[in-house]
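# A structural walkthrough
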Amino acid sequence: QNHDDHGHDVHSGVNPHAWMEPQNAILWLDQIADQLSRLDGENASVYGENAMIAKTKIAQMDAQLAVALAPVRDRAFVTYHDAYGYFVAHYGLRFAGSIAMGDATTAGAAHIQQLQSTIAKDVVCVFPEAQHDSDLLLQLLDGTSVRAGRALDPVGSTFDAGQDTYDVLMRSIAESLANCLSGA
C-alpha cells in the first residue's frame, strides 16, 4: 500500500515522521556528521567513524526487522494516529487506518463509523499510543475479535535517551506489531 493514501500527506502535504524509514536515518547520518565536523573540525574523524558505525547498525537492524515483520505483512492493523506511513511502506505492511490523522486532529463521526466498519471486516489488531488517550481506540474493539496491541511510541518518549534510542524505538514498534499480528 502507498502510505500517502493514509498519511499526513493527505492533509498537510508532508508526513513529518520520516525517521520511521531506516533509509532516511542512514542518509541523515552523513549530513549530521558533516555538520558536526564543520562546527568541530578537531573531532571530524570521530564524527565520520561514528556515522559509519551507526549506518552499519541501522542496516543490520533494518534487515532483522524485515525478517521479523515478513510473516505478518498481510495482516491489517489500525493505530491511534497516522505516524507510521514510512514504516508501513518500507516493510510492506497492511495499515488499515487510524483514529486521528495527525497529532492535533480529532476524528469526526463519519471517520469513526468508517473505521469501525474496517475494523469489523479486516483488522487483526489495533495499537494505542503512549502519547495519546486510548479510550476511543479501545472502544472500537467492543463486540469484535480484534486484539489490542501494546501501546506504540513513535517518538521514543518512553525510552531512556542514549546512543541506542533509535534502535530501541524501531525494534519496539516492530516487536509490538509482530507479536499482536501473529497472535502471540
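Quick caveat, the model's predicted, so the values are computed rather than measured.

Each value, and the rule that gives it
Residues numbered from 1 in each chain as written. Predicted model: local features only at pLDDT ≥ 70, side-chain atom pairs only at ≥ 80, totals over all residues. Heavy atoms only, no water. 1 Å grid on protein atoms, 1.4 Å probe; cavity = no way out; pocket = protein on both sides within 12 Å on 5 of 7 lines; lining within 4 Å. Points joined across faces, edges and corners; volume = space filled by probe spheres on them. Helix = DSSP H or I, 4+ residues; strand = E, 2+ residues; numbered from the N terminus. Nonpolar A, V, L, I, M, F, W, Y, C, P; charged D, E, K, R; others polar. Disulfide = S-S within 2.5 Å. Pairing = 2+ DSSP bridges. Contact = heavy atoms within 4.5 Å. Axes fitted to C-alpha atoms, helices over the stretch in contact; angles between N-to-C directions.

## A few points about the layout of surface pockets
Within this model, the largest pocket holds a volume of roughly 530 Å³. As for the largest pocket, its lining consists of 22 residues, and the residues nearest its centre are L29, N50, A54, I58 and Q163. Looking at the lining of the largest pocket, the elements with two or more residues in it are α2 (22-39), α3 (44-69) and α7 (165-182). Considering each element in turn, the lining of the largest pocket owes the most residues, 10 residues, to α3. Here the lining of the largest pocket is composed, by residue class, of 13 nonpolar, five polar and four charged.

## Some words on the state of the cysteines
All chains considered together, the criterion is met by one disulfide. Bridging C125 to C180, the disulfide has an S-S length of 2.1 Å. Negative torsions about the S-S bond denote left-handed disulfides, and the value of about -105 degrees found for C125 with C180 makes this one left-handed. Here C125 is found in strand β3 (residues 123-127), whereas its partner C180 is found in helix α7, with 55 residues between them in sequence.

## Regarding the sheet that holds strand β2 (residues 94-100)
Strand pairing within a sheet occurs via backbone hydrogen bonds; the two strands may be parallel or antiparallel. Ordered in space as β2-β1-β3-β4, the four strands form an open sheet in which the pairing is parallel. Whereas interior strands pair on both sides, the edge strands pair on one side only; in this sheet they are β2 and β4 (147-148). As defined by bridge partners, strand β1 (residues 76-81) adjoins β3 across four bridges and the pair is classed as parallel. Within β3, the residue paired with A76 across the bridge is V123. Contacts from helix α5 (residues 109-122) reach β1, β2 and β3, with the element oriented near 145 degrees to β2. Contacting β1, β3 and β4, α7 crosses the sheet at an angle of about 145 degrees to β3.

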